[in-house]
Amino acid sequence: MWTMRWIFMLVLIAEMHTKETSLLDDVELTVGDVILTEEVVQLDASKGKQIIKHKNESTGIAWIRMSDVESAFKTEKGDGVKEIEEMEDLCPDTVNGISNEARLAVVDFHNRMRTRLAKGQQRDKRSIFAPPAKDLLKMMYDCDIEANAQSWADACKHRHTDAYTRRKLDIGENLAWIPGNRSDTEHATFSSFLWWREVESIGIGNDTTFLYDFLKQGLGHYTQMAWHGSFRLGCGMNQCNDWMYVVCQYTPRGNGPEGRKIYTIGDPCQKDDDCPGRTKCLQDEALCEVPSHTIKRKRRSNFK
């Protein structure tokens, strides 16, 4: 029987345009089990180290051993946090559950992964390497989105925010529950690492056309992080009993509708004309940057 120090619970809830249900209502959690909304299914360790199962298209929880991902995370996070500690305060007038260092670290991690993907250097279980991307936008941190995410993290609810409200505000969302006494910076980057890792443990393949079946397979966190048009990010965190609840939200939202491209396959930009719209090419990062003065902000209201 696995002990709590060897596992963490990652909420594998991909963005769907369907009715969403509470995950843990009236369910007694047992170490070593996989929780599927109101069902409890015994984990079959003989089928591999990481087993992800789903009851329907939109929900599912898996138990994954910490030892399977800790060493990979230590390599992946690199020294990015040390390099950005001295940067400006992103949300100087905001006091939430996330520090400025964590804000800087999480957006830095997202952009480093998107750069790797754009350059064709991202491993994909189905195709060795994911195809390169020509139209990935560089992400920027958004304090208004953080306020939304933090309000939901504070509620400690084991489900997504209201789907109708997310559609109205054009927001995508990733959630994670992680145990342990890490700093908020470690929690923020570790969650992002786990979401991105889906492409290496499950994989998309050579076709970047989005399918709702990806969500059933447990790829929805990765596809949201890799969505070409999502460029504003905000996260909230809250300690809920023994778990750190991490909520990251994105706009424009990804993961749909079916048939759209997660990103356009092609060589990354070399000049501004290679980028969509009025975005600017950041050649070294292989990303296109949206000038801040062109951003139209929607009115935001916190989730309840």
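Residues numbered from 1 in each chain as written. Predicted model: local features only at pLDDT ≥ 70, side-chain atom pairs only at ≥ 80, totals over all residues. Heavy atoms only, no water.

Under an unreviewed UniProt entry, the name given to the protein is SCP domain-containing protein, and the source organism is Mesorhabditis belari.

(A) A look at the side chain of Thr223. Here Thr223 lies in helix H9 (residues 220-226). Those residues in contact with Thr223 that lie beyond four places of it in its chain are Ile204, Phe210, Phe214, Asn255 and Ile262. (Helix = DSSP H or I, 4+ residues; strand = E, 2+ residues; numbered from the N terminus. Contact = heavy atoms within 4.5 Å.)

(B) A look at the pattern of salt bridges. One pass over the structure, following the stated rule, counts eight salt bridges. Two residues, Glu146 and Arg103, come together in a salt bridge whose shortest N-O distance is 2.5 Å. One end of the pair, Glu146, is in helix H4 (residues 143-155); the other, Arg103, is in helix H3 (residues 100-118), and 43 residues separate them in sequence. Both residues of the pair, Glu146 and Arg103, belong to the buried class. (Salt bridge = Lys/Arg side-chain N within 4 Å of Asp/Glu carboxyl O. Buried < 20%, exposed > 50% of the residue type's maximum accessible area, 1.4 Å probe, protein only.)

(C) Structural detail: the sheet that holds strand S10 (residues 243-251). If you trace the four strands from one edge of the open sheet to the other, you get S7-S9-S10-S8, paired in mixed fashion. Single-partner strands in this sheet number two, and they are strand S7 (140-141) and strand S8 (172-179). Seen against the sheet, helix H6 (residues 184-196) touches S8, strand S9 (232-240) and S10 and runs at an angle of roughly 120° to S8. (Pairing = 2+ DSSP bridges. Axes fitted to C-alpha atoms, helices over the stretch in contact; angles between N-to-C directions.)

(D) Fine view of unusual backbone geometry. Residues Thr251 and Pro252 are joined by a peptide bond in cis, for which omega reads -10°. In this fold, Pro252 is placed in the loop between S10 and strand S11 (280-282). With an omega dihedral of -5°, the bond running from Gly256 to Pro257 counts as a cis peptide bond. Residue position: Pro257 is located in the loop between S10 and S11. Non-glycine residue Asn255 carries a positive phi angle of around 60°. If you trace the backbone, Asn255 turns up in the loop between S10 and S11. Positive phi outside glycine occurs at Ala286, with the angle close to 60°. Along the chain, Ala286 falls in the loop between S11 and strand S12 (287-289).

(E) Region of interest: the state of the cysteines. Under the definition given, this model contains five disulfides. Two residues share a disulfide in this structure: Cys269 and Cys281, whose sulfurs sit 2.2 Å from each other. Because the torsion about its S-S bond is 85°, the bridge between Cys269 and Cys281 counts as right-handed. Here Cys281 lies in strand S11 and Cys269 lies in the loop between S10 and S11, a separation of 12 residues in the sequence. A single burial state applies to Cys269 and to Cys281, both of which are buried. The residue that forms a disulfide with Cys275 is Cys288, at a sulfur-sulfur distance of 2.1 Å. Between Cys275 and Cys288, the disulfide has an S-S torsion of -80° and is therefore left-handed. (Disulfide = S-S within 2.5 Å.)

(F) Representation of the nonpolar core. Core analysis: the biggest nonpolar cluster contains 44 residues, and Leu117, Trp196, Leu233, Cys248 and Ile262 have the highest contact counts within it. Among the elements of the structure, H3, S8, H6, helix H8 (213-216), H9, S9 and S10 are those that each provide at least two residues to this core. With seven residues, the top contributor of residues to this core is H3. In contact with Ile262, not counting residues within four places along its chain, are Ile204, Thr208, Phe210, Phe214, Thr223, Ala226, Trp227 and His228. Grouped together as the second largest cluster of nonpolar side chains are nine residues, Trp152, Leu175, Trp177 and Val247 included. (Core = buried A, V, L, I, M, F, W, Y, C linked by side-chain atoms within 4.5 Å.)

(G) The confidence of the model for the protein, seen in detail. Mean pLDDT for the protein: 75, with 67% of residues reaching 70 or above. Here residues 79-85 is modelled with pLDDT under 50, and outside its nearest four sequence neighbours on either side it reaches eight contacts, counting other chains as well. (pLDDT = per-residue confidence, 0-100.)

(H) Fine view of the pairing of S9. Counting buried positions over the nine residues of S9 gives seven, a clear majority of the element. As judged from the two bridges shared by S7 and S9, these two strands associate in the parallel manner. Paired with Met140 across the bridge in S9 is Arg232. Here nine bridges tie S9 to S10, and the two strands are oriented antiparallel to one another. Within S10, the residue paired with Cys235 across the bridge is Cys248. The loop that links S9 with its antiparallel partner S10 comprises two residues; one of these, Asn241, has a positive phi angle of about 55°.

(I) Quick peek at the side chain of Asp184. Within the fold, Asp184 resides in helix H6. Despite its burial, Asp184 remains without a salt bridge, the nearest opposite charge being carried by Arg103 at 8.0 Å. Residue contacts for Asp184: discarding those within four places in its chain leaves Gly97, Ile98, Ser99, Ala102 and Met237. (Lys, Arg positive; Asp, Glu negative; His and termini not counted.)

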